[in-house]
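# An overview of the molecular structure
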Amino acid sequence: MTRFDVPEMSCGHCTATIEKAIKAIDPTAKVTCDTGTRKVEVESILNERALSEAIRNAGYNVNTVATI
């Protein structure tokens, strides 16, 4: 699991956009978004770089918090 900090994620539209972007590159990914903490957790076969790039391509700044 990889955890990201997405400071600009503030609403349901944001979470839907991020989830759609990640699932476009890995349809089996499990994505959990928390607008309160502005964190995104992703379980995926893809590495942190590919996942963070997908979030950036969706229009959001992103920082990796942890890879577990």
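Use the structure listed above.
Heads up: these notes are all about the structure in this document.

Cut-offs and rules
Residues numbered from 1 in each chain as written. Predicted model: local features only at pLDDT ≥ 70, side-chain atom pairs only at ≥ 80, totals over all residues. Heavy atoms only, no water. Salt bridge = Lys/Arg side-chain N within 4 Å of Asp/Glu carboxyl O. Helix = DSSP H or I, 4+ residues; strand = E, 2+ residues; numbered from the N terminus. Buried < 20%, exposed > 50% of the residue type's maximum accessible area, 1.4 Å probe, protein only. Core = buried A, V, L, I, M, F, W, Y, C linked by side-chain atoms within 4.5 Å. Contact = heavy atoms within 4.5 Å. Pairing = 2+ DSSP bridges. Axes fitted to C-alpha atoms, helices over the stretch in contact; angles between N-to-C directions.

### Focus: the pattern of salt bridges
- On inspection of all chains with the given rule, the structure shows 2 salt bridges.
- In this structure, Glu41 engages Arg3 in a salt bridge whose closest nitrogen and oxygen atoms are separated by 2.9 Å. On the criterion of sequence distance, the pair formed by Glu41 in strand E3 (residues 39–43) and Arg3 in strand E1 (residues 2–5) is long-range, its members being 38 residues apart.
- Relative accessible area serves as the criterion here: at 25%, Arg3 is assigned to the partly exposed category.
- The closest approach of N and O atoms between Asp5 and Lys39, which form a salt bridge, is 3.6 Å. Here Asp5, found in strand E1, pairs with Lys39, found in strand E3; they are 34 residues apart in sequence, far enough to count as distant.

### Some words on the nonpolar core
- One finds Phe4, Val6, Ile18, Ile22, Val40, Val42 and Ile55 to be the most contacted residues of the largest nonpolar core, which totals 14 residues.
- Looking at this core, the element that brings in the most residues is helix H1 (residues 12–25), giving 3 residues.
- When near neighbours in sequence (up to four residues on either side) are disregarded, Ile55 contacts Phe4, Val6, Ile18, Ile22, Tyr60 and Val62.

### Details of the sheet that holds strand E2 (residues 30–34)
- Pairing is antiparallel across the open sheet formed by 4 strands, whose spatial order is E2-E3-E1-E4. Of all the strands in the sheet, the pair left with one neighbour each is E2 and strand E4 (63–67). Going across the sheet, the axis of each strand differs from the next one's by a mean of 20°, ignoring polarity.
- With 4 bridges connecting them, E1 and E4 associate as antiparallel partners.

Don't take any of this as a statement about function, it's just geometry.
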